[in-house]
Amino acid sequence: FAPPSSTVNLTWNYLVHEFGEDTARKISEKSPGILRSPIETVSGAVQVFSEVFGREQSVRMILKCTACLTSPPSTVRSAWEVLKGLVGESEAHELVMKTPMCILSPGYTIQGAFDTLERLFGVELTMEVVRKNPGILRAPATTINGSWNAVLEMLDGDADSTASLFLRSPEVLRSPAKTVKGAYHVLVSMFGKTETAMDLIKKNPAVLRSPARTMRGAYTALGQVAGSRETAVKLIAQNPDVLRTPAATIMKTYEAYATCYGSEQRAKALICRSPGMVRVSSARILNIYDALVENVGRDMTEQILTSNPSMFKMGKAALAERLERMVTNAERADDDLFLL
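Attention here is on the structure that accompanies the text. Being a predicted model, the structure only gives us computed values, none of them experimental.

**Quick word on the overall build of the chain**
Then, in step 1: Across its full length, the chain carries 19 helices and 0 strands.
Then, in step 2: Along the three orthogonal principal directions, the C-alpha set of the chain runs to about 70 × 60 × 45 Å.
Then, in step 3: By residue count, 45% of the 340 residues in the chain fall in the buried class.
Then, in step 4: Long-range contacts, defined here as pairs at least 24 residues apart, represent 70% of the contacts in the chain between residues at least 6 apart.
Then, in step 5: Total accessible area computed for the chain in this model is approximately 17300 Å², and 51% of it derives from carbon and sulfur atoms.
Then, in step 6: Taken as two groups, the 39 positive and 36 negative side-chain charges of the chain have centres that lie 6 Å from each other.

Okay, structure coming up:
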């Protein structure tokens, strides 16, 4: 469904009027779908956030989480009142500024999540969990309970160890029990030993958020790239986060590195040395390569990416700044050579 151009124009003009063209452009680039939202929805959201948090801070929140612009004002107001009642206004303000999305859920969801956390962790540890990841307040109480019980079972009923694991990665509490158990069983089958799987989970609890299908696909893809499943297991043990990467992403990323380096062996060597590099999108890899070639030439690009492959992880702003420095330094070197 393509929205009427009048809707896009009205919403765009409203954003420009409220925030200025630069900010409006940032919002629309981050979430193009915002322009399809009726102006009444967007203006109502802007009004409630400005009333509750003030103009300047509401702009920061919207830029951080553009979903704020499509939230019903009644939901935001009720969620804010509930959160204030639970933790106090000052603390609530800090939580919302850190994670604006935490008040985009109904007040009863926030209340249920908080009550469940207090029952499982106690008052003090609950605040530690919430401060670390305010988004946990968006999780239904049944999901939090299910995730807790799944991990508790893995740890043979040790509540203290279960709490410790979730304190490291509170976001796991937002994963349904089915997902948590599925991830655990995949790891056990992959490593062959329950103890080894648990060691990896304790090292990186976030791996329990991965759907079993994604994990199996990542394992298979890494085996293809690395040359054997045994090597894939070693890479996973080195960086469990790779199991959260879809197989198609891993293969496309591998192909992109091979294109940039002109060699599948070099692409393989990079991934085996730094498994986390498979989590960089192929589009970013190729865009960074093309930008480097355009600015410093193919030979220099190869030298740079050989000595510093982490450049593939750079965002647009960081890359632009680095390229500007490279070009400036190159021009200075040419000037010095001319003077000699």
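Here the narrative resumes.
**With respect to the packing of aromatic side chains**
Then, in step 1: Inspection of every chain in the model, using the stated rule, returns 6 aromatic pairs.
Then, in step 2: With centroids separated by 5.9 Å and ring planes inclined at 20°, the aromatic side chains of Trp 148 and Phe 166 adopt a geometry described as stacked. With Trp 148 in helix 9 (residues 141-154) and Phe 166 in helix 10 (residues 159-168), this pair connects stretches of sequence that are 18 residues apart.
Then, in step 3: Connected via pairs of aromatic rings, a cluster forms that spans Phe 49, Phe 53 and Trp 80.

**Re the nonpolar core**
Then, in step 1: Grouped together as the largest cluster of nonpolar side chains are 107 residues, with contacts concentrated most on Leu 15, Leu 83, Leu 208 and Tyr 257.
Then, in step 2: A per-element tally of this core places helix 13 (residues 212-226) first, with 8 residues.
Then, in step 3: Excluding its chain neighbours within four sequence positions, the residues that come into contact with Leu 208 are Val 151, Met 154, Val 172, Ser 175, Thr 179, Val 180, Ala 183, Tyr 184 and Ile 201.

**As for the side chain of Ser 210**
Then, in step 1: Within the secondary structure, Ser 210 is located in the loop between helix 12 (194-203) and helix 13.
Then, in step 2: Under the relative-accessibility criterion, Ser 210 is labelled buried at 2%.
Then, in step 3: Residues in contact with Ser 210, not counting those within four places in the same chain, are Thr 179, Ala 183, Met 215, Leu 243 and Arg 244.

**Quick notes on helix 14 (residues 229-238)**
Then, in step 1: Every buried residue belonging to helix 14 is among Ala 232, Val 233, Leu 235 and Ile 236, and all of these are buried. The arc that holds every buried residue of helix 14, seen down its axis, measures 165°, which confines them to one face. Exposed residues lying more than 90 degrees from the buried face of helix 14 are Glu 230 and Lys 234.
Then, in step 2: Residues of helix 14 that are buried make contact with helix 11 (177-191), helix 12, helix 13 and helix 16 (264-273).

**Regarding a positive patch on the surface**
Then, in step 1: Together, Lys 30, Lys 64, Lys 98, Lys 132 and Arg 168 make up a region of like positive charge exposed at the surface.
Then, in step 2: With respect to the helices, strands and loops of the structure, Lys 98 is situated in helix 6 (residues 89-98).
Then, in step 3: You can call Lys 98 partly exposed: its relative accessible area is 41%.

**Observations concerning the pattern of salt bridges**
Then, in step 1: Counted according to the given criterion, the structure contains 8 salt bridges.
Then, in step 2: Between Glu 21 and Arg 25 there is a salt bridge; the shortest N-O distance is 2.7 Å. Taken together, the positions of Glu 21 and Arg 25, both in helix 2 (residues 21-30) and 4 residues apart, correspond to about one turn of that helix.
Then, in step 3: Exposure remark for Glu 21: the relative accessible area of 43% places this residue in the partly exposed category.
Then, in step 4: Judged by its relative accessible area of 33%, Arg 25 is partly exposed.
Then, in step 5: When the shortest N-O distance is used, the salt bridge between Arg 244 and Asp 241 registers 3.2 Å.

**Some points on the packing of helix 7 (residues 107-121) against helix 9**
Then, in step 1: For the pair helix 7 and helix 9, interaxial distance at closest approach is 8 Å and the crossing angle is 25°. Compared by their axis directions, helix 7 and helix 9 come out roughly parallel. Across the interface between the two elements, Gly 112, Ala 113, Thr 116, Leu 117, Arg 119, Leu 120 and Phe 121 from helix 7 touch Ala 141, Ile 144, Asn 145 and Trp 148 from helix 9.
Then, in step 2: The class makeup of the residues in the contact of helix 7 with helix 9 is 7 nonpolar, 3 polar and 1 charged.

Reading the values: rules and limits
Position numbers for residues count from 1 along each chain, tracking the sequence in the order it is written. In keeping with the predicted nature of the model, local features appear solely for residues at pLDDT of at least 70, side-chain atom pairs appear and are counted solely at 80 or more, and the whole-chain, interface and lining totals rest on all residues. Hydrogens and water molecules were not included; the side-chain quantities draw on all heavy atoms of the structure. Only DSSP runs of H or I with at least four residues qualify as helices, and only runs of E with at least two residues qualify as strands; both kinds are numbered from the N terminus onward. Burial status follows relative accessibility: with a 1.4 Å probe on protein chains alone, a residue under 20% of its type maximum counts as buried, one over 50% as exposed, and anything between as partly exposed. Contacts are residue-level and defined by heavy atoms, with any inter-residue pair within 4.5 Å sufficient. Working definition of accessibility: Shrake-Rupley area with a 1.4 Å probe, residue cover restricted to the visible protein chains. Residues scored as charged are limited to Lys and Arg (positive) and Asp and Glu (negative), so that His and the chain ends carry no count. One atom stands in for each charge, and that atom is NZ of Lys, CZ of Arg, CG of Asp or CD of Glu. Any pair of Phe, Tyr and Trp rings, taking the six-membered ring for Trp, is counted once the centres come within 6.5 Å. Such a pair is stacked with planes under 30 degrees apart, edge-to-face with planes over 60 apart, and tilted for the rest. Residue types Ala, Val, Leu, Ile, Met, Phe, Trp, Tyr and Cys, when buried and joined through side-chain atoms within 4.5 Å, form a set referred to as a nonpolar core. Summarising the geometry, the arc corresponds to the directions from the helix axis toward the C-beta atoms. Each patch is assembled from residues with relative accessible area greater than 30% and no salt bridge, linking like charges that lie within 9 Å and nonpolar side chains (Val, Leu, Ile, Met, Phe, Trp, Tyr) that lie within 5 Å. Salt bridges are counted wherever a side-chain nitrogen of Lys or Arg sits within 4 Å of a carboxyl oxygen of Asp or Glu. Fitting a line to C-alpha atoms yields each axis, with helices limited to the stretch in contact; the angle taken between N-to-C directions then spans 0 to 180 degrees. Should an angle fall under 35 degrees it is taken as roughly parallel, and over 145 as roughly antiparallel, whereas 65 to 115 is taken as roughly perpendicular and any remaining angle as oblique. Throughout this entry, Asp, Glu, Lys and Arg are counted as charged residues, while Ala, Val, Leu, Ile, Met, Phe, Trp, Tyr, Cys and Pro are counted as nonpolar. The remaining residues, Gly among them, count as polar.

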